[in-house]
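# Fold and contact review
Residue-level listing of the chains:
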4 protein chains.
Amino acid sequence: MILTDSLLDFFIETRKQSETICKPLEIEDYVVQPIVDVSPPKWHLGHTTWFFEEFILKPHAEGYKIFHEDFSFVFNSYYETVGERVVRANRGNLSRPSVEKVYEYRNYVTENIKKLFSDGQSKELNDLLEIGIHHEKQHQELLLTDIKYILGNNPLLPKYSDTFEDHPSETHEQEWISMDEGIYEIGHDSEGFYYDNELGRHKVYLQPYQISNKLVTNKEFLKFLDDGGYQRFDLWHAEGWDWVNQNKIACPLYWHLIDDEWHHYTAKGLQRIPMEAPVTHISYYEAFAYAQWKGLRLPTEFEWEAAQQFFPWGKRWEWTESAYLPYPGYQKADGALGEYNGKFMVNQKVLRGGSVATPEKHTRHSYRNFFHPHLRWQFTGLRLVK
Amino acid sequence: MILTDSLLDFFIETRKQSETICKPLEIEDYVVQPIVDVSPPKWHLGHTTWFFEEFILKPHAEGYKIFHEDFSFVFNSYYETVGERVVRANRGNLSRPSVEKVYEYRNYVTENIKKLFSDGQSKELNDLLEIGIHHEKQHQELLLTDIKYILGNNPLLPKYSDTFEDHPSETHEQEWISMDEGIYEIGHDSEGFYYDNELGRHKVYLQPYQISNKLVTNKEFLKFLDDGGYQRFDLWHAEGWDWVNQNKIACPLYWHLIDDEWHHYTAKGLQRIPMEAPVTHISYYEAFAYAQWKGLRLPTEFEWEAAQQFFPWGKRWEWTESAYLPYPGYQKADGALGEYNGKFMVNQKVLRGGSVATPEKHTRHSYRNFFHPHLRWQFTGLRLVK
Amino acid sequence: MILTDSLLDFFIETRKQSETICKPLEIEDYVVQPIVDVSPPKWHLGHTTWFFEEFILKPHAEGYKIFHEDFSFVFNSYYETVGERVVRANRGNLSRPSVEKVYEYRNYVTENIKKLFSDGQSKELNDLLEIGIHHEKQHQELLLTDIKYILGNNPLLPKYSDTFEDHPSETHEQEWISMDEGIYEIGHDSEGFYYDNELGRHKVYLQPYQISNKLVTNKEFLKFLDDGGYQRFDLWHAEGWDWVNQNKIACPLYWHLIDDEWHHYTAKGLQRIPMEAPVTHISYYEAFAYAQWKGLRLPTEFEWEAAQQFFPWGKRWEWTESAYLPYPGYQKADGALGEYNGKFMVNQKVLRGGSVATPEKHTRHSYRNFFHPHLRWQFTGLRLVK
Amino acid sequence: MILTDSLLDFFIETRKQSETICKPLEIEDYVVQPIVDVSPPKWHLGHTTWFFEEFILKPHAEGYKIFHEDFSFVFNSYYETVGERVVRANRGNLSRPSVEKVYEYRNYVTENIKKLFSDGQSKELNDLLEIGIHHEKQHQELLLTDIKYILGNNPLLPKYSDTFEDHPSETHEQEWISMDEGIYEIGHDSEGFYYDNELGRHKVYLQPYQISNKLVTNKEFLKFLDDGGYQRFDLWHAEGWDWVNQNKIACPLYWHLIDDEWHHYTAKGLQRIPMEAPVTHISYYEAFAYAQWKGLRLPTEFEWEAAQQFFPWGKRWEWTESAYLPYPGYQKADGALGEYNGKFMVNQKVLRGGSVATPEKHTRHSYRNFFHPHLRWQFTGLRLVK
């Protein structure tokens, strides 16, 4: 038996944090799904709970009685191993289980986990618990961005919270950090938690490059916009250009031009755009087009990781030029948990860093996030490389 | 000034009835929209309220202060005259206004209407009020069918109410009523309320026909199903056959085969199918194919109306063979109310009768309902003609 | 044995006529299918031939050897009874059989039919032959309109023929023909050929009406266009308005505004629009909107048929207000030929009259053509009723 | 002036080769486009010609008279710089210009190029000519695969040619080539022709790996199929699994199970599958799933290039695990030619090698082809890595 006091504290604190995030919501806000990429908050609360029930309590807690036999169908996200599930696009069609019932489910599972781990557990179970905690932290990030999408696309533009600052400015001077040509080591290297996609640690050879110590700001991005950047096909990928035209994209998500003044929707409601804050809610296509317009480029994820100790990061997920691919020697886990990362390694772009929505202790310099190139409801930004 | 006591009572009773229908709901049930044809209950409550505000209070109540300036955008259904509106498919994406706020809105508008009409009003305003009341009654029917759809497509199959009987049986003997060849008068002919599409009253010439005094039952429809009716292309319209195959239709909506026993979802939850009750939740395509299989046909709306005094009706909306078209001399109303009926007179089929969801005083023998031929979330059934 | 000399002549003349229509084409023009509603000319030539092979030669010509065993799969249009077939949208994907091979097929089948009927045949076979001839005539009309679509949507706008006049003017004065209220007989009433959808002859009761002796001209329609008719939602059906906006419709098909002068593509190439010719290539939605704009309406098919002896017709297929529905007592034929008409009797509008593309002897006053309301590649026009 | 005799010979030979490829076709085969990825042969012949006219003759040949002013609209592929063009999906809707006219166009442009280059030209023009030649060679590959698709999806399965062998077997023994960890140089390094995407030459660090000297054969792939590989979700990317299910994929393209014997369509018509030949016409998703099933993986493009001198290649385009991304220091060309490669560098996979359809002198070990991961009409195969 391994003592797990601090892990259990970490668990309890994480469970509480998800609920804290949802505190400002009306019950109605828990239910809707305006686009397929966004999940109802209720679903996040249930799904993160189901994860503990499915992978820890059901197989490992003797005599555990599942809370409701249909919840596996409702709250499974994409684990084919585990069985049938509600199609993603239908999550917002489910009025039941009610929010109250989902909170009951949370409490029930939380209590059962506490009981199971109260006297310590095997390394295997501790590892599973740790994955479950990090899984929930990952969903906390999505909870925040999904809530922003739900409220920010409502015609009433309701505010989420007066205390959550989602557009902090960067005030340090812009400088270029020079990096030498040579071999760098990439991938997870410490004692802490990691996902399988951060392994194995390996060498890459980088050509000399210079990387900015600062993210591109709203002010800078506005120049691109004013210069007709959204109308110049030569700056875009062919698929990006199609995306711009089919969706009539002409500015970042949440931007509104009101009486000739640029505003954006924030957690605090509609506000004037802070010019010194990093631009955000842009797709990879927009990040790339901006870099083209500047005559510069995005970093690869390797360039980013090699240089990350020389600049501050964590305010924005940063688009990289890298496609999301396995590292050399990548092995996916056995069973359902093997579906966590590997099966998404095609047609997606790597993001590095973290964002204002990222929970503390959840990010690290080897962390690899990934999204399709057209998505922009995350707090995405960009950093340039020469 | 015309005294409007009874009209005002009718108004108050109608307003109350909409809320009674929603009483069994959880807040979450008010919000979702599983398919584009179904609207969230919250939306129905708001939209019927907006109708009174937009067409009566705003133009006619001196000093009236609108409840919320964005509600016209949120709760307009399709009136192009009135301005921009939320796209129909997005109604279920709106978590706000909250249910509580919508009830506030209802009370506010109800009180203002009561004030405006308390001392009587002009004929013009009384007529508008009557339209608004009937409009709300029409939405009560949709409220019930939309609630059924929302709950009946939830994997938990929650019950709506123990007191609402949505599948009453018909127990009288089946007989054929013979109707003579000749001229019949069709259209609205009494003092009561009517929609513009029931005018003008006109003559039609009917060939001799026999019409059943009974609706087709579940038992009879099951024979069609057991005989492979859903697999025989020769029974279907070409578009019906495409619909069957693309949507893999093999039984009426809400039917489930469980352990070789046919069940269906009802207001009281999942139940065994009552064989003597009229079949329901079928599309026009299915009604037509059933009639083909029997070697019979559906009545035209004229045949139905000419014979309706000779049989009981009102349990099911009955599909007719008639396309929804204007009567001779049809004139649509001026302004926004002119959008009520006329602009839908293409590609739809007429239904006659009424259903278990139809409010009292809302149906009459000249009433013409209409839906696209593939829809089946209404309580639709069929009656045969030789 | 019934003598069939004149029928056989009619057959031979009809077969020849299809080929005459195709004479001006390049081989490449026989192959393409720019939209799903249009079929490649090669397909029409093959399909009309297959009809004779499938329904006459295969079942009735002793010792007949089918030309090619895969041709039934290639040239069946929609007869489910007969078996699998190329999906309609894929007709333009087939480069083989070659045009040359299709002509061989035509000759082979024509010769075999001649042999089979040379000494006369039973009434049953004569009837089948007559249906086959009329079927081919119907396709001749489609051949012409499909060829026009293929050439008229090619960026080079090649001319079809200098001798085919597809926009003759109407020069007589416009007058209103008054028709009395009363009972009229409708449906096929003569000795000649008819389709099952023209039966049974029956009485209808018409209210008094006045019908124009002239089709609406380009000049008149241009006024509607200049008056912003395509931008005024109140003139359109809801579905028509969606169609206008989704397809950015702003004028009839084939119209081009060149240097502020309206031109249209015709069989003779691009030409200035003849103002006194009937407007054509409009959808039912456009016909309806025009009538609304004039404060008038379209005739029903019954009004049209009752009055047709009082005005010239045959230059344009005329949209009516009537939905395509079975007449009282309608019986579809047995077997595959029963799929000819009945299964299309939903969601379509009746057209009456004929057009410049209609072969001689193919139209009659009881003839009912039908198309979906958004289609406009036929020579469609409109006549007004008060 | 630089002498360009051999370049001009190369040009003439290349022009002739495109026409030789089309020699077995019927005129009808030149016209159709069964799927959006496939272009009509006529279009390839015209487009490669237009490339010389647009980029060489129009700007550089004094007094040159363009062949037809609309051909730029018809034959531009995707060069936004050059102006409007026929939407890709509509290429198969164009019956004109006729095949004969396209050959006239080819001769006209070929003769004008010969005249322009007969006495030598500047390095700039020679470079443009070389690009044009390689561009045409690239289209020859597509010509062959597009022709195969056009004929191989025709229900008559016509043969293309008795002399083109598109499924040669590999008979050498399978061995694993061991490659050392270390730095390798990647990218174009010789005097010969290259595309901008092969530059700049740069170092990569590779971990130790073993690469097969042989492509996976039909026999081996059949084992995957027989083992239920197409039904096991755990072997597939999530997007690959969706693709399999939505398109009901159960074997490579062109495979047919006839009387329990696997056949495939080849240039010589339908044949039994040669078991020792490399599997082909598979998507990246299938290649990946096969590798997963074997417990192995695909090479990266760097591993492939580093090892390519140790194994034979050129029979199949080989899917790699690498996403199509710019090399370090990549610079796209100025003007329209800059649209050649760079704008496609997202959501595509790199293929290395060449195929039976690849013209001689057109491939080289630094050549990078790229396709979306679901495509399989190219002669695609796979090689494994441990």
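Calculation notes
Residues numbered from 1 in each chain as written. Chains lettered and ligands numbered in written order. Predicted model: local features only at pLDDT ≥ 70, side-chain atom pairs only at ≥ 80, totals over all residues. Heavy atoms only, no water. Contact = heavy atoms within 4.5 Å. Phe/Tyr/Trp six-rings, centres within 6.5 Å; stacked < 30°, edge-to-face > 60°. Buried < 20%, exposed > 50% of the residue type's maximum accessible area, 1.4 Å probe, protein only. Lys NZ or Arg CZ within 6 Å of the ring centre and 35° of its normal. Least-squares fit on C-alpha atoms with pLDDT ≥ 70 in both. Helix = DSSP H or I, 4+ residues; strand = E, 2+ residues; numbered from the N terminus. Pairing = 2+ DSSP bridges. Core = buried A, V, L, I, M, F, W, Y, C linked by side-chain atoms within 4.5 Å. Domains from an automatic or database assignment. Salt bridge = Lys/Arg side-chain N within 4 Å of Asp/Glu carboxyl O. Polar contact = N/O pair within 3.5 Å; in protein donor to acceptor, adjacent residues only side chain to side chain. Buried area = accessible area lost by both parts, 1.4 Å probe.

Let us look at the arrangement of the chains. The two partners chain A and chain C share no contact, and the minimum distance between any of their C-alpha atoms is 13 Å. A minimum C-alpha distance of 13 Å separates chain B and chain D, which share no contact.

Attention now goes to the packing of aromatic side chains. Taken as a whole and assessed by the stated rule, the structure comprises 162 aromatic pairs over all chains. On the basis of an interplanar angle of 70° and a centroid distance of 5.9 Å, the ring pair of W304(A) and F311(A) is categorised as edge-to-face. Across the pair, exposure class does not vary: W304(A) and F311(A) are buried alike. Aromatic pair Y284(C) and Y285(C): ring centres 6.2 Å apart, planes at 55°, arrangement tilted. With respect to burial, Y284(C) and Y285(C) carry one shared label: buried. Clustering of aromatic rings is evident, with ring pairs tying together W50(A), F51(A), F55(A), Y78(A), Y79(A), Y324(A), F344(A) and F370(A). Cation over ring: R383(B) sits above F311(B), and NZ or CZ is 3.8 Å from the ring centre.

We now examine the relation of the copies chain A and chain D. Overlaying chain A on chain D yields an RMSD of 0.0 Å, the required transformation being a rotation through 180° with an accompanying axial translation of 0.0 Å. These values place the two chain copies in the arrangement generated by a two-fold rotation axis. Interface overlap between copies: 100% of the residues of chain A at the interface are likewise at the interface in chain D, consistent with a symmetric, same-surface contact.

The subject of this paragraph is the pairing of strand β3 (residues 202-206) of chain B. Residue and element names in this part refer to chain B. Counting buried positions along β3 gives 4 out of 5 residues, so the element sits mostly inside the fold. Direction of pairing for strand β2 (residues 182-186) relative to β3: antiparallel, over a ladder of 5 bridges. Each bridged residue has a counterpart across the sheet, and for I186 the counterpart in β3 is H202.

On to the nonpolar core, then. Counting residues in each nonpolar core, the largest one holds 192 residues, and the members touching the most others are W236(A) and W236(B). With 11 residues, helix α5 (residues 123-152) of chain B is the single largest residue contributor to this core. In contact with W236(A), not counting residues within four places along its chain, are F224(A), G229(A), Y230(A), W241(A), W243(A), V244(A), Y285(A), E286(A), A289(A) and K343(D). Among the nonpolar cores identified, the runner-up in size contains 191 residues, and V32(C), A336(C), W241(D) and F288(D) belong to it.

When the parts come together, some accessible area is lost, and that loss is often what is quoted as the size of the interface. Residues and elements named next belong to chain A. Once the domains are mapped, chain A shows domain 1 (5-152) and domain 2 (176-381). The gap between the C-alpha centroids of domain 1 and domain 2 is 27 Å. Applying the counting rule to domain 1 against domain 2 returns 0 salt bridges. Linking domain 1 to domain 2 there are 10 residue pairs in polar contact (both at pLDDT 80 or more). Elements represented by at least two residues in the side of domain 1 that touches domain 2 include exactly α1 (5-22), α2 (41-60) and α5 (123-152).

Facing 29 residues of chain D, the contacting portion of chain C comprises 29 residues. Buried surface at the junction of chain D and chain C, both sides included, amounts to about 2400 Å², of which 61% is carbon and sulfur. On the chain D side of the interface with chain C, the three residues burying the most area are E28(D), R96(D) and L156(D), jointly 30% of the side's total. Summed over the shared surface of chain D and chain C, the number is 2 salt bridges.

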